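# Residue-level structure breakdown
Each chain, written out:
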Amino acid sequence: MAKKTNNTPISGLIPTPLWLILGVTLIAYHQVFRLPLIDWDDWKYITQNSITRGGFTLDNFKRIFTEPVMGNYHPLTMISYLINFSIWGEKPATYHIVNLLLHLINVWQVWTIGQRITQKPIFASFLTIGFALHPIHVESVAWAAERKDVLYLFFFLLAIRFWINFQKSENYKTYAFCLLAFIAACLSKGMAVTLPFWIIGFDYFQGKINNKQLIKYLPFIALSILFGIIAIDAQQSQGGIKLSQPFDWIDRIILALQSISFYVEKLIFPWGLSAIYPYPSEGVLDWIFYLRAFITLGILGACIYFGRTNRYIAFGAAMFVLTLLPVLQILPVGEAFAADRYMYAAALGVWWILAWGLNYIWEHYPAKRNFIFILPFIWLILTIRQTGFWKDEITLFQHSLDNYPDAPVAWNNIGAILQRKEKFAEAITYYTEAVNRDPDYAMALCNLGISHGRQGNFDQAGIYLSRAVKADSAYAEAWGNLGNVYAMKGDKVMAGKIFHKAVKLQPDYVEAIYNLGIWYSEEKDTLTSIRYFKRSVEINPNFGAGWWSYGNMLFRSGDTAAAVEALRTSASKGHAGAEAWLRANKLK
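Conventions adopted
Residues numbered from 1 in each chain as written. Predicted model: local features only at pLDDT ≥ 70, side-chain atom pairs only at ≥ 80, totals over all residues. Heavy atoms only, no water. Helix = DSSP H or I, 4+ residues; strand = E, 2+ residues; numbered from the N terminus. Rg over C-alpha atoms; globule rule 2.2 N^0.38 Å. Buried < 20%, exposed > 50% of the residue type's maximum accessible area, 1.4 Å probe, protein only. Contact = heavy atoms within 4.5 Å. Areas by Shrake-Rupley, 256 points an atom, 1.4 Å probe, with all protein chains shown as cover. Lys, Arg positive; Asp, Glu negative; His and termini not counted. Charge placed at Lys NZ, Arg CZ, Asp CG, Glu CD. Patch = residues over 30% accessible without salt bridge, like charges linked within 9 Å, V, L, I, M, F, W, Y side chains within 5 Å. Salt bridge = Lys/Arg side-chain N within 4 Å of Asp/Glu carboxyl O. Expected span 1.5 Å × (residues − 1). Axes fitted to C-alpha atoms, helices over the stretch in contact; angles between N-to-C directions. Parallel < 35°, antiparallel > 145°, perpendicular 65-115°, else oblique. Left-handed = near helix turned anticlockwise from the far one by under 90°. Nonpolar A, V, L, I, M, F, W, Y, C, P; charged D, E, K, R; others polar. Phe/Tyr/Trp six-rings, centres within 6.5 Å; stacked < 30°, edge-to-face > 60°. Lys NZ or Arg CZ within 6 Å of the ring centre and 35° of its normal. Polar contact = N/O pair within 3.5 Å; in protein donor to acceptor, adjacent residues only side chain to side chain. Disulfide = S-S within 2.5 Å. pLDDT = per-residue confidence, 0-100.

### Thoughts on the overall build of the chain
Regarding its fold elements, the chain presents 29 helices and four strands. Relative to a compact globule of 588 residues, whose C-alpha radius of gyration would be 25 Å, the chain shows 27 Å and is just as compact. Counting only C-alpha atoms and orienting by the principal axes, one finds that the chain spans roughly 95 × 50 × 45 Å. Taken across its 588 residues, the chain has 54% of its residues classed as buried. For the chain, the share of sequence-separated contacts (at least 6 apart) that also reach a separation of at least 24 residues comes to 68%. For the chain, the computed accessible surface area is about 26600 Å², with 62% contributed by carbon and sulfur atoms. Here the chain carries 52 positive and 42 negative side-chain charges, and the mean point of each set is 9 Å from the other.

### Regarding a nonpolar patch on the surface
On the surface, a cluster of nonpolar side chains totalling about 490 Å² of accessible area is made up of I215, L218, I221, I225 and I229. Mapped onto the elements of the fold, I229 is located in helix 11 (residues 211–237). According to the relative accessible area criterion, I229 is exposed, its value standing at 54%.

### Structural notes on helix 21 (residues 442–454)
The end-to-end C-alpha distance of helix 21, which contains 13 residues, comes to 18 Å, matching closely the 18 Å that a straight helix rising 1.5 Å per residue would cover. Most of helix 21 sits out of view: eleven of its 13 residues are buried. Those residues of helix 21 lying buried are A442, A444, L445, C446, N447, L448, G449, I450, S451, H452 and G453. Among the structural elements, helix 19 (408–420), helix 20 (424–437), helix 22 (458–471) and helix 23 (476–488) are those in contact with the buried residues of helix 21. Positive backbone phi, at 85°, marks G456, one or two positions downstream of helix 21.

### Here's the deal with the packing of helix 5 (residues 92–118) against helix 8 (residues 147–169)
Between helix 5 and helix 8, the shortest axis-to-axis distance is 9 Å and the interhelical angle comes to 25°. Our classification of the angle between helix 5 and helix 8 gives roughly parallel. Of the two possible hands of crossing, helix 5 and helix 8 adopt the one that is left-handed. Grouping the amino acids of the contact of helix 5 with helix 8 by side-chain chemistry returns 16 nonpolar, six polar and four charged.

### Looking at the packing of aromatic side chains
Under the criterion given, the structure shown has 51 aromatic pairs. A centroid spacing of 5.1 Å and a plane angle of 85° characterise the contact between Y305 and F306, whose relative ring orientation is edge-to-face. On the accessibility criterion, F306 (47% relative accessible area) is partly exposed. For the pair W351 and W379, a centre-to-centre distance of 5.4 Å together with 55° between the ring planes defines the contact as tilted. Taken together, the positions of W351 in helix 15 (residues 343–364) and W379 in helix 17 (residues 374–388) put the pair 28 residues apart, joining distant regions of the chain. By the burial criterion, W351 is buried, and W379 matches it. Through a chain of ring-to-ring contacts, three or more aromatic side chains come together here, namely F123, Y152, F156, W198, F202, F205, Y312, F315 and W352. One residue, K501, lies across the ring of W479, its end atom 5.0 Å from the ring centre.

### Points about the pattern of salt bridges
Throughout the structure, instances matching the rule amount to 17 salt bridges. For K189, the salt bridge identified is with D149, shortest N-O distance 2.5 Å. Separated by 40 residues along the polypeptide, K189 in the loop between helix 9 (172–186) and helix 10 (195–205) and D149 in helix 8 bring together distant segments of the chain. Accessibility classification places K189 together with D149 in one group, the buried group.

### Considerations on unusual backbone geometry
Here E170, not a glycine, exhibits a phi torsion of approximately 55°, which is positive. Phi at E422 takes a positive value of approximately 65°, unusual for a residue other than glycine. With respect to the element layout, E422 can be found in the loop between helix 19 and helix 20. Its relative accessible area of 53% is what places E422 among the exposed residues.

### Some remarks on the environment of R116
You can see R116 is positioned in helix 5. What R116 contacts, discounting residues up to four positions off in sequence, is I164, N165 and K168. A distance of 2.9 Å separates a polar atom in the side chain of R116 from a polar atom in the side chain of N165.

### Quick notes on the side chain of T387
By secondary structure assignment, the location of T387 is in helix 17. Since its relative accessible area comes to 0%, T387 is described here as buried.

### Brief notes about the side chain of S125
Among the secondary structure elements, S125 is positioned in helix 6 (residues 121–133). Non-local contacts of S125, meaning those with residues more than four positions away in its chain, are made with P17, I21 and W111.

### What about helix 25 (residues 510–522)?
Since the α-helix advances by 3.6 residues per turn, residues separated by three or four positions end up pointing in the same direction. Its 13 residues place the ends of helix 25 19 Å apart at the C-alpha level, agreeing with the 18 Å of an ideal helix rising 1.5 Å per residue. Counting buried residues along helix 25, ten of its 13 residues qualify, which places the element largely inside the surrounding structure. Residues of helix 25 that are buried: V510, A512, I513, Y514, N515, L516, G517, W519, Y520 and S521. Those residues of helix 25 hidden inside the fold are in contact with helix 23, helix 24 (492–505), helix 26 (526–539) and helix 27 (544–557). K524 occupies a position one or two residues after helix 25 and carries a positive phi of about 65°.

### Comments concerning the state of the cysteines
By definition, a disulfide links the sulfur atoms of two cysteines through a covalent bond. Taken as a whole, this structure holds zero disulfides when the rule is applied. Distance from the sulfur of C178, which forms no disulfide, to the nearest cysteine sulfur (C186) is 11 Å. Using a relative accessible area of 0% as the deciding quantity, one classes C178 as buried.

### A closer look at the confidence of the model for the chain
The predicted model of the chain averages 90 in pLDDT, with 95% of residues at 70 or higher. Mean pLDDT values over the elements of the chain span from 39, in strand 1 (residues 9–11), up to 97, in helix 7 (residues 138–142).

### Some details on the packing of helix 14 (residues 311–324) against helix 15
In the contact formed by helix 14 and helix 15, the axes pass within 8 Å of each other and the chain directions differ by 165°. Considering the angle they form, helix 14 stands roughly antiparallel to helix 15. Pair helix 14 / helix 15 crosses with left-handed handedness. In this structure, helix 14 contributes Y312, I313, F315, G316, A317, M319, F320, T323 and L324 to the contact, and helix 15 contributes M343, A345, A346, A347, G349, V350, W352, I353 and W356. Per-class residue counts for the contact of helix 14 with helix 15 are 15 nonpolar, three polar and no charged.

Here it is as structure tokens:
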């Protein structure tokens with residue numbers, strides 16, 4: 001009698017189909033090893049972030065668990081950056097390698113879950129191929145600042161695997177591990193709060209929901225509510241929720257409905273993917289938004305109809321929509337109505353339905369099997385192409401403008417790159433385009449003011465910075481630069497008041513803290529000046545100018561030994577004046 005064969009593992013935990021998928025995924029993302037850190041949140045999370053650079057101190061860990069970063073509460077993500085920076089510094093490849101490694105582990109976890117739930121290796125393979133290779137996931141993998149995506153899904157999928165094991169074993173130690181993994185996921189990114197939908201959904205899929213089960217869901221639901229409140233509070237504390245946007249609640253519902261159709265469209269036709277999908281200009285919804293909302297209602301109706309008799313469709317559609325709920329812009333967050341990164345977990349619902357369909361073809365139409373592999377081949381090519389757009393900031397945002405020329409964020413971001421290169425006239429052109437498209441865009445107004453100031457045009461700088469703080473009264477950087485303008489124009493009293501306001505809004509705002517040190521030194525208040533300079537270098541130990549000024553004020557106070565040590569530190573951070581002074585005094 002012939003021995004029965006199936007797709008069983010050839011070694012350890014990784015079966016043959018998964019080896020192939022992992023290998024092709026590496027090919028798809030081979031460019032990430034050469035990608036830079038992008039001047040779009042990467043610097044704010046990594047090289048210019050005082051937490052990332054703060055080292056393994058109790059004070060720094062206190063900040064990690066108590067202070068939101070960029071409007072997000074994700075302490076485990078910040079710890080991962082801290083570890084990354086402590087070991088490898090600012091080397092871009094290391095951040096991308098960690099992201100890719102986490103993505104590969106997540107690919108393995110997706111395959112494991114699909115196989116455990118259905119016992120169908122072909123289904124698990126198709127499910128995993130969509131997750132591993134679709135170009136909509138490039139943003140989550142190739143963008144260093146999206147470490148939170150690949151990290152939270154690592155814990156999210158781990159929690160699902162613990163839940164599946166618990167349902168089979170009824171071992172409450174496994175249940176506890178599931179809760180811990182869920183907490184870790186929530187501490188990595190707020191979107192993890194949707195996990196209760198998934199564990200209930202998997203129980204529905206397997207026909208395991210009963211009255212006894214309901215109490216087991218309650219701790220997950222309670223944690224989900226708690227971390228949901230924390231996430232909303234973090235966004236509100238740093239101005240991430242834009243309730244002032246010109247859309248009423250009816251518009252918000254239309255935007256939410258159309259987003260579902262928009263994401264399905266991008267999953268089926270994955271070209272025209274962009275780092276930015278801007279809101280319609282002038283706050284008026286175009287006809288396409290209403291059409292997509294109508295299509296969404298049709299899609300949902302079809303899923304409900306077919307889902308009555310097909311649990312694959314019911315489960316996949318429900319998980320897709322419910323996972324998207326936090327980011328459907330009912331509460332407006334950010335400057336865009338959609339983002340590719342929001343699909344990193346949510347698309348698993350669509351891949352679940354697609355895998356069922358492809359598995360059905362595989363089993364019932366053997367002659368058509370070869371055509372199935374056209375799809376992952378297309379995804380592979382498009383993912384390689386999409387990853388290439390992350391090779392530098394200009395390429396990335398110009399690609400966004402090619403697709404969405406009215407995107408003010410893209411205009412602003414290219415202007416920021418030019419400003420960093422001290423091409424201020426060109427930067428002003430891009431910032432002006434951004435402001436023309438969104439007159440209340442505080443960041444572009446602030447940047448426009450900074451560029452005018454760097455050209456010595458302080459009157460124009462003051463006008464734009466005043467507009468920026470009017471548009472966003474909690475924008476610390478705009479206040480800080482407005483203080484600089486008043487200082488340059490000789491209004492020291494107003495400059496001091498504004499610097500204090502900037503630091504109150506953002507207590508770790510190094511530039512404003514440093515400027516307060518200068519302000520108090522000019523007021524002959526040596527001790528207060530020393531306090532602010534010391535605070536600036538405590539927040540950013542690599543701030544050479546801060547150490548230089550701190551040392552000079554220590555000299556003024558008479559503390560010569562501490563002053564020399566501060567100047568030595570300043571020289572070690574590359575400050576030319578400190579190096580010259582040490583050489584002149586034969587102290588180097």
